[in-house]
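An overview of the molecular structure
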Amino acid sequence: MTERLIIIMGPSGCGKTTVAAALADVLRIPMLEGDAFHPVANRDKMASGNPLDDGDRAAWVEALVEAVDASNEPMLVLACSALTPFVQSRLEGVADRQAIFVLLEASRETLAERITSRTDHFMPASLLNSQMEALNPPEHVIRVDASQSVDDIIAQLLTRLEH
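Okay, so let's go over this structure. (Residues numbered from 1 in each chain as written. Predicted model: local features only at pLDDT ≥ 70, side-chain atom pairs only at ≥ 80, totals over all residues. Heavy atoms only, no water.)

A short note on the side chain of R97
To keep things clear, this is the line we draw: The secondary structure listing takes helices from DSSP runs of H or I that are at least 4 residues long and strands from runs of E that are at least 2 residues long, numbered from the N terminus. Think of it in three bands: with a 1.4 Å probe and only protein chains considered, a residue is buried below 20% of the maximum accessible area for its type, exposed above 50%, and partly exposed in between. Neither His nor the chain termini are counted; the positive set is Lys and Arg, and the negative set is Asp and Glu. Salt bridges, as used here, are contacts in which a Lys or Arg side-chain nitrogen is within 4 Å of a carboxyl oxygen on Asp or Glu. By the convention used here, residues are in contact when the closest approach between their heavy atoms is within 4.5 Å.
As for its position among the elements, R97 is in the loop between α4 (85-91) and β4 (98-105). Of the side chains with opposite charge, E3 lies nearest to the buried R97, which makes no salt bridge, at 4.1 Å. Excluding residues within four positions of it along the chain, R97 makes contact with E3, R4, L5, V68, S71, E73, P74, M75 and L76.

This is the structure:
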């Protein structure tokens, strides 16, 4: 079996963590939460309303790569914004895994509403525009409408991942 890294990507508020956790549960594979790997400086920068650039993302993506490298599991799900080609290219081929990018797409209004309703996250809604501008998905991304129910998203992903 080909080793896989399924990357659930997109801007803040699109449902990465929820979908990644549900997919990992259904597939009975481990999930990594990308936000857990941000250095404190990145969290503080975002919390103060300043967007990250690829220079800021370097330590974060290296921590993600190390975590994936350290896993002995043949398949992993990673909830990770993966907004830029810098991050995407570093995640491709980690530990000789096939990287499968899944972009959760939602309207700016939906994303803003979701971000504003959260109370337990460091990412302010004021950074949504910068995330939308930074978003540059890879050509081979699987696009999924994030406004659907989690069950519908998972059913769609299971079908698409079989191919």
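So, the sheet that holds β4
Selection rule: A pair of strands is considered paired only if DSSP assigns at least 2 bridges between the two. Inter-axis angles, ranging from 0 to 180 degrees, are taken between N-to-C directions of lines fitted to C-alpha atoms, where helices are fitted over the stretch in contact.
Ordered by their spatial adjacency, five strands build an open sheet running β2-β3-β1-β4-β5, and the pairing between neighbours is parallel. Only two strands of the sheet have a single neighbouring strand rather than two, namely β2 (31-33) and β5 (142-145). Averaged over all pairs of adjacent strands, the angle between their axes in this sheet comes to 20°, without regard to strand direction. Bridge count for strand β1 (residues 4-9) against strand β3 (residues 75-79) is five bridges, and the pairing is parallel. Opposite L5, over in β3, you have L76 as the bridge partner. Its contacts with the sheet put helix α7 (residues 150-161) on β1, β4 and β5, and the angle it makes with β5 is roughly 160°.

Regarding the state of the cysteines
Two cysteines, two sulfur atoms, one covalent bond between them: this is a disulfide. In plain terms, the rule: The criterion for a disulfide is a pair of cysteine sulfur atoms lying within 2.5 Å.
Per the counting criterion, the structure on display carries zero disulfides. Cysteine C14 shares no disulfide, and the gap to the nearest cysteine sulfur, in C80, comes to 11 Å. By relative accessible area, C14 is classed as buried at 2%.

Thoughts on the pattern of salt bridges
Any two side chains of opposite charge can pair if their charged atoms end up close together. Tallied over the entire structure, the rule returns four salt bridges. For D54, the salt bridge identified is with R57, shortest N-O distance 3.0 Å. One end of the pair, D54, and the other, R57, are both in helix α3 (residues 54-70), three residues apart, so they sit about a helical turn from each other. The partly exposed category is assigned to D54, whose relative accessible area is 29%. Overall, the relative accessible area of 9% leaves R57 in the buried class. Linking E105 and R143 is a salt bridge whose minimum nitrogen-to-oxygen distance equals 2.5 Å.

What about the nonpolar core?
For the record, the criterion: In plain words, nonpolar cores are sets of buried Ala, Val, Leu, Ile, Met, Phe, Trp, Tyr and Cys residues tied together by side-chain atoms within 4.5 Å.
I6, I8, L23, V77, V102, L104 and L157 are the most contacted members of the largest nonpolar core, which totals 24 residues. Elements supplying a minimum of two residues to this core: β1, α1 (16-27), β3, β4, β5 and α7. Those residues in contact with V77 that sit more than four places away from it in its chain are I6, I8, A20, L23, A24, I29, P30, M31 and L32. Counting 21 residues, the second-largest nonpolar core is a separate cluster that includes W60, V61, V68 and F101.

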